[in-house]
Amino acid sequence: MKMNPFDYTMPLTRIVSGPESLNRLPTEVQALGVTRLLLVHGQRVAGTQLLASVRDRLGPRIVGTYAEVIPHSSVDLVTRGAELARSLRIDGFVSVGGGSSSDTAKGINILLAEGGALPEHASTFVPPDKFYPKELSRPKLPLIALPTTCSGAEITPGLGIRNEQGVKLLFWDVKLASRLVVLGPECLAETPLPIIMTTAMNGLAHCIEGLYSRQRNPISDALALQGIRLFNTALPRLADRHDDPEALAMLQAASALGGMVISNARVGIHHAICHCLGARLNVSHGVANAVMLPYAMRFNLDVAAPRLALAAEAMGVAGNEQAAAEKAVEAVFALQARIGVPQRLRDAGVDRTALQQIARDTMQDRGLYFNPKPVAHAEVVLRLLEEAW
Ligand SMILES: [Fe+2]
């Protein structure tokens, strides 16, 4: 194995899991020293028992609620949230929901700390290979997250917010990662199975893309391989028995692992495309991920075979290197079918005429910077999209 020098950052995230974790919320929050929390969530969790339990346990520590989160969030939504947060003089956030809820809280957190308008804090990517991360230096407020999907977004220092032009702006600051993540069984108990399945494919994609990313390292490799094992074990079990508690707990751990992987190794062309499908066509991030993953793996196969062979081993389908890598791709196609997630972009409501625009959009996404295979022309992305359509 070739060893390259690497940097590795561990965010200050504490994860608590298990049946007692929700009961531990008051003491855990007390330890963080926060007393004026803004509760951030969207419509889907509005009437849930989970939300009621969080309110119940945090009581007067919650000084306001911002319940307007929509998928992919928006610059306007974050800007209005920041006005509310300022007026309430909050000292922390609690997000209940999927990646869009924690990303909205992180976006508000950026505005409170850095001021100005949200878009000016976004990282920029100039194709084919110039990436300009935006350094956000000011201290950030603590975020407490109760994730109801398997994206692992709350673990990461990154976030994506859609702008008015249908482009996903991407931000990064290690101080934005949640300080506390609660993974109680209640968190997934009220989430519809298709959302669990598709967002878990997003989590699996984090592990697989992290494994072949140009910024991978021995630590992220270890996290990714255990994540792949857990996703690959839990998902078929859940397809057979929708409330299998152990499989759900495995998915929560796997999602956290995926979040840790991309916190350092980052993501590639697969995520670049999924960001654009979401921001431009409103395809949910989980569904986009569920469809595109094996196609993106096949796209990178010729340069990333040794890496995909590791994924194959973690999925229990080993062989010689090239054969194993191909088997990893086939295993993800088989997993799609086994757990009943969409397998083609046409099944995700994507119109074929939109693919050219998505290919052009993808050329502007920083995921191409981390992808193992250089992508110089939108034509290449278009061919990949056509395959998946
Ligand atoms: Fe993702």
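Scroll up to find the structure this text is about.
My aim in this report is to walk through the structure given alongside it, one point at a time. None of these values were measured; they are calculated from a predicted model. Counting restarts for each chain: residues are numbered from 1 in the order of the written sequence. Totals for whole chains, interfaces and linings use every residue, but because this is a predicted model, local features are given only for residues with pLDDT of at least 70 and side-chain atom pairs only at 80 or more, for both listing and counting. The side-chain numbers reported here are obtained from all heavy atoms of the structure, hydrogens and water having been left aside.

**Some thoughts on the coordination of the iron ion**
Octahedral six-donor coordination of a metal ideally yields angles of 90 or 180 degrees, compared with 109.5 degrees for tetrahedral four-donor coordination. Put simply, the test is: Metal donors were taken as nitrogen, oxygen and sulfur atoms no farther than 2.8 Å from the ion, or 3.2 Å where the ion is Na, K or Ca. Water is excluded, so coordination may look unfinished. Think of it this way: with four donors and all angles in the 85 to 135 degree range, the site is tetrahedral; with four or six donors, opposite ones beyond 155 degrees and the rest between 65 and 115, it is square planar or octahedral; otherwise it is irregular. Helix and strand assignments follow DSSP, with helices taken as H or I runs no shorter than four residues and strands as E runs no shorter than two, numbered in order from the N terminus.
Taken together, Asn202 (OD1), His206 (NE2), His271 (NE2) and His285 (NE2) make up the protein donors of the iron ion, found 2.1 to 2.3 Å from the metal. Seen from the iron ion, its 4 donor atoms lie at angles of 78 to 168°, and the figure they make is irregular. In primary-sequence terms, the residues that donate to the iron ion follow N-x3-H-x64-H-x13-H. Of this pair, Asn202 sits in helix 6 (residues 193–212) while His285 sits in helix 10 (residues 285–314); the two residues are 83 residues apart in sequence, bridging distant segments of the chain.

**Thoughts on the nonpolar core**
Applicable threshold: To define a nonpolar core, start from buried Ala, Val, Leu, Ile, Met, Phe, Trp, Tyr and Cys residues and group those joined through side-chain atoms within 4.5 Å. Think of it in three bands: with a 1.4 Å probe and only protein chains considered, a residue is buried below 20% of the maximum accessible area for its type, exposed above 50%, and partly exposed in between. We call two residues in contact whenever any of their non-hydrogen atoms come within 4.5 Å of each other.
Counting residues in each nonpolar core, the largest one holds 82 residues, and the members touching the most others are Met292 and Leu345. Sorting elements by how many residues they give to this core places helix 10 first, with 18 residues. If near-sequence neighbours (up to four positions away) are discounted, Met292 is found in contact with His270, Ile273, Cys274, Leu277, Leu345, Leu384, Leu385 and Ala388. Counting residues in each nonpolar core, the second largest holds 25 residues, with Val40, Leu136, Leu143 and Leu169 among its members.

**Digging into the packing of aromatic side chains**
The cut-off we apply is this: The criterion for an aromatic pair is that two Phe, Tyr or Trp rings (for Trp, the six-membered ring) have centres within 6.5 Å, with stacked assigned to planes under 30 degrees apart, edge-to-face to planes over 60 apart and tilted to the rest.
The full count for this structure, using the stated rule, is 4 aromatic pairs. Seen from their ring centres, Phe131 and Tyr369 are 5.5 Å apart, and the 40° between their planes marks the pair as tilted. Residue Phe131 is located in strand 6 (residues 130–132), and its partner Tyr369 is located in helix 13 (residues 367–370); the two are separated by 238 residues in the primary sequence. With a centroid separation of 5.1 Å and an interplanar angle of 85°, the aromatic rings of Tyr295 and Phe333 are classed as edge-to-face. Separated by 38 residues along the polypeptide, Tyr295 in helix 10 and Phe333 in helix 11 (residues 321–339) bring together distant segments of the chain. The pair Tyr295 / Phe333 is uniform in exposure class, with both members buried. By way of ring pairs, the aromatic residues Phe131, Tyr369 and Phe370 are connected into one cluster.

**Here's the deal with the packing of helix 6 against helix 10**
Any two packed helices are characterised by how steeply their axes cross, that is the angle between the axes, and by the distance between the axes. Note the following rule: Where helices are involved, their axes are fitted lines through C-alpha atoms of the stretch in contact, as for all axes, and angles between N-to-C directions lie from 0 to 180°. Here is the rule for angles: anything less than 35 degrees is roughly parallel, anything more than 145 is roughly antiparallel, 65 through 115 is roughly perpendicular, and the remaining ranges are oblique. Two helices that cross are described as forming a left-handed crossing if the nearer one is turned anticlockwise from the farther one by less than a right angle, and a right-handed crossing if clockwise. Classes in brief: Ala, Val, Leu, Ile, Met, Phe, Trp, Tyr, Cys and Pro nonpolar; Asp, Glu, Lys and Arg charged; the others, Gly included, polar.
At their nearest, the axes of helix 6 and helix 10 sit 9 Å apart, and the two run at 25° to each other. In terms of their interaxial angle, helix 6 and helix 10 are classed as roughly parallel. Where helix 6 crosses over helix 10, the two elements pack in a sense that is left-handed. Tallied by class, residues from the contact of helix 6 with helix 10 come to 15 nonpolar, 8 polar and 1 charged.

**Examining the pairing of strand 4 (residues 92–97)**
Spelled out, the test is: Two strands are counted as paired when DSSP detects at least two bridges linking them.
For strand 4, the tally of buried residues reaches 6 of 6 residues, placing the bulk of the element in the interior. Side chains of strand 4 alternate between two faces, with Gly92, Val94 and Val96 and Phe93, Ser95 and Gly97 buried alike. Across 4 bridges, the pairing between strand 2 (residues 37–42) and strand 4 is parallel. Counted as the bridge partner of Leu38 is Phe93 from strand 4. Pairing analysis gives 5 bridges linking strand 4 to strand 7 (residues 143–147), with the strands arranged parallel. Within strand 7, the residue paired with Val96 across the bridge is Leu146.

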